Amino acid sequence: MPLVRVHNFSISLDGFGSGEPQSLEAPFGHAGERLHEWMFATSFWDPEAGRRGVDAIFAARHEVGIGAEIMGANKFGPPGWQDDPDWRGWWGEEPPFHTPTYVLTHRPRPPLEMAGGTTFHFLDASPADALAVAREAAGDLDVRLGGGASVVRDFVAADLVDHLHLVVVPIVLGRGARLWDGLEALEDTFDIESVSSPSGVTHLTFTRRG
């Protein structure tokens with residue numbers, strides 16, 4: 001069966017996937033871009049000037065074999081975007097997903113077709129129900145779970161994630177959206193590998209045992 005995968009999800013040393021308060025001007029709150037600087041420096045992000053190496057190799061896995069994406073409301077837009085009928089996401093008219101993309105929100109709206117193959121669908125659904133819809137759209141390909149932290153946490157807690165790639169960035173945020181709350185004993189169901197990078201980040205991969 002196709003997998004449910006998380007890739008390139010950055011967290012701080014204390015487990016936060018974003019800071020606070022999030023806004024149009026500060027999508028990741030007081031964290032700014034610090035959680036993602038490792039990726040911006042790679043050839044995956046910048047083919048001309050970016051560094052090759054372990055970070056670029058991990059980052060590029062984000063793109064391979066994906067047929068649909070699921071994301072939370074806070075990834076699609078800043079707080080209150082549901083009140084703006086003209087909000088079309090952070091990514092311009094050609095978002096980088098190139099697949100059907102399912103946004104979990106308690107206030108659904110009609111689908112939003114964008115350039116490049118991305119269509120945003122807005123669902124008020126449980127993790128299991130949203131995954132069933134995304135799997136049907138993905139066909140034989142995998143479903144990528146894009147975040148944020150609460151969505152990843154809910155899917156892991158519901159035992160729906162097969163592959164979880166986290167990037168631990170050596171900063172302490174102290175507050176924000178924390179990944180680990182309510183989760184325990186993942187080592188009982190996942191094989192866990194750790195790879196340290198010269199950039200200072202650590203790549204953790206959780207692979208569900210067969």
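Residues numbered from 1 in each chain as written. Predicted model: local features only at pLDDT ≥ 70, side-chain atom pairs only at ≥ 80, totals over all residues. Heavy atoms only, no water.

Some points on the nonpolar core
Argument step 1. In this structure, I70, L145, V152, F155, V161, L164 and L166 are the most contacted members of the largest nonpolar core, which totals 31 residues.
Argument step 2. Mapped onto this core, the elements with two or more residues apiece are β1 (4-12), β3 (66-72), β4 (100-104), α4 (127-138), β7 (142-145), α5 (149-157), β8 (163-169) and β11 (202-208).
Argument step 3. Looking at which element gives the most residues to this core, the answer is α5, with 5 residues.
Argument step 4. Ignoring anything within four residues of it in the chain, the contact list for L166 reads F9, I11, L179, W180, T202, H203, L204 and F206. (Core = buried A, V, L, I, M, F, W, Y, C linked by side-chain atoms within 4.5 Å. Buried < 20%, exposed > 50% of the residue type's maximum accessible area, 1.4 Å probe, protein only. Helix = DSSP H or I, 4+ residues; strand = E, 2+ residues; numbered from the N terminus. Contact = heavy atoms within 4.5 Å.)

A short note on the pairing of strand β10 (residues 190-196)
Argument step 1. By the bridge criterion, 7 bridges tie β10 to β11 in an arrangement that is antiparallel. Looking at β11, one finds that E193 is bridged to T205.
Argument step 2. Counting the residues in the hairpin turn of β10 and β11 gives 5 residues, including G200, whose phi is positive at 105°. (Pairing = 2+ DSSP bridges.)

Brief notes about the sheet that holds strand β6 (residues 119-123)
Argument step 1. Spatial strand order, β5-β6-β4-β3-β7-β1-β8-β11-β10: 9 strands in an open sheet with mixed pairing. Each edge of the open sheet is held by one strand with a lone partner, namely β5 (112-113) and β10.
Argument step 2. In this sheet, β7 lies alongside β1 in parallel orientation, the contact comprising 2 bridges. Note that in β7 the partner of V4 across the bridge is V143.
Argument step 3. Sheet strands touched by α4: β1, β3, β4, β6 and β7. Its angle to β3, the strand with the most contacts, is close to 155°. (Axes fitted to C-alpha atoms, helices over the stretch in contact; angles between N-to-C directions.)

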